[in-house]
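# Commentary on secondary and tertiary structure
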Amino acid sequence: MSGPTPRRRKHSPAVYRRRRLVVLLTALIVVAGLVWLFIAQPWQSSASTETLPVPSSSSSSSPPSSSTSESAAPEADAETPVPEADAEEPAPDLTPSAEPCIAADLLIEAVTDQAVYAAGQNPQLSIRLTNQSTTDCTLNVGTSAQAFTISSGPDIWWRSTDCQTEPSDMTVLLSAGQQVTSATPLTWDRTRSSVDTCQGDRPPAAGGGATYRLSVAIGGLSSSNTAAFQLN
């Protein structure tokens, strides 16, 4: 004959409250971890994209761009690139400590927005710079170091430095893998430039399918390519 069935022990309300509190805290920790992963995104690459400073020109053939900020370099006309600051990216390091960049460290590219331009369309020109090495290096990317050149065969048609005013230096630290580019392209007004035409009329460039090439340089280093395009 079996004995009496043991009675199930009943816990006090305080025990149940503690158990619910532990479950709630565990859930909060899990949610907080998911939120951190979504915001921090630690799996993303640390390489960043910056913008170049703004060259200035004394030419009065075009009005200055309205997108230039008050803290930028002197106002630029249609012949000078007007990059915009990218608020989502950190500014370049203005107190560099690495060794100077050498040609083997950098990929310098001349870029146009189109390959063929209809009559009345002005080419948009950009420079793209990438530290393709595995180490940081320093480079002068100031307005004194930038040069854009357009040629047709052996004939030099236009230089961004012909009428440049108040050039300045700006040495920055380029992290390994970092890319610097013109946020707002330079607009070429399809005219021939020279140091003698900064305040006067300039001859128009020939169209009708004529081919031109853009080359760029920065910090004394030339681009690895020339960007070809046609004017109709």
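How each quantity is defined
- Residues numbered from 1 in each chain as written.
- Predicted model: local features only at pLDDT ≥ 70, side-chain atom pairs only at ≥ 80, totals over all residues.
- Heavy atoms only, no water.
- pLDDT = per-residue confidence, 0-100.
- Contact = heavy atoms within 4.5 Å.
- Disulfide = S-S within 2.5 Å.
- Helix = DSSP H or I, 4+ residues; strand = E, 2+ residues; numbered from the N terminus.
- Buried < 20%, exposed > 50% of the residue type's maximum accessible area, 1.4 Å probe, protein only.
- Patch = residues over 30% accessible without salt bridge, like charges linked within 9 Å, V, L, I, M, F, W, Y side chains within 5 Å.
- Areas by Shrake-Rupley, 256 points an atom, 1.4 Å probe, with all protein chains shown as cover.
- Salt bridge = Lys/Arg side-chain N within 4 Å of Asp/Glu carboxyl O.
- Core = buried A, V, L, I, M, F, W, Y, C linked by side-chain atoms within 4.5 Å.

## Focus on the confidence of the model for the protein chain
- Residue-level pLDDT values for the protein chain average 76, and 65% of them are 70 or greater.
- Ignoring residues within four places in sequence, the model shows residues 40-49, a span with pLDDT below 50, making 11 contacts including any to other chains.
- Every residue in residues 59-78 is under pLDDT 50, and counting partners more than four places away or in other chains gives 39 contacts.

## Regarding the state of the cysteines
- Under the criterion given, the structure shown has two disulfides.
- The disulfide partner of Cys 101 is Cys 137, and the gap between their sulfur atoms is 2.0 Å. Between Cys 101 and Cys 137, the S-S dihedral sits near 85°, and the bridge is therefore right-handed. Within this pair, whereas Cys 101 is found in the loop between strand 1 (49-51) and strand 2 (106-112), its partner Cys 137 is found in strand 5 (residues 137-140), the two being separated by 36 residues in sequence. An identical accessibility class is assigned to Cys 101 and Cys 137; each is buried.
- Each bonded cysteine of the protein chain gets a number by its place in the sequence, and the pairs then read 1-2, 3-4.

## Concerning a nonpolar patch on the surface
- On the surface, a nonpolar cluster with roughly 390 Å² of combined accessible area is contributed by Leu 21, Leu 24, Leu 25 and Leu 28.
- Checked against the element boundaries, Leu 25 lands in helix 1 (residues 13-40).

## Remarks on the nonpolar core
- Ranked by size, the top nonpolar core spans 30 residues in total, and within it Leu 106, Leu 129, Ile 150, Trp 188 and Leu 214 carry the most contacts.
- Listing elements by their share of this core, those giving two or more residues are strand 2, strand 4 (124-131), strand 5, strand 6 (146-152), strand 7 (155-159), strand 8 (171-174), strand 11 (210-218) and strand 13 (227-231).
- Here the element with the most residues in this core is strand 11; it accounts for four residues.
- Once residues lying within four places of it in the same chain are set aside, the contact partners of Leu 214 are Ala 110, Val 111, Thr 112, Leu 125, Ser 126, Phe 148, Thr 149, Ile 150, Asn 225, Thr 226, Ala 227 and Phe 229.

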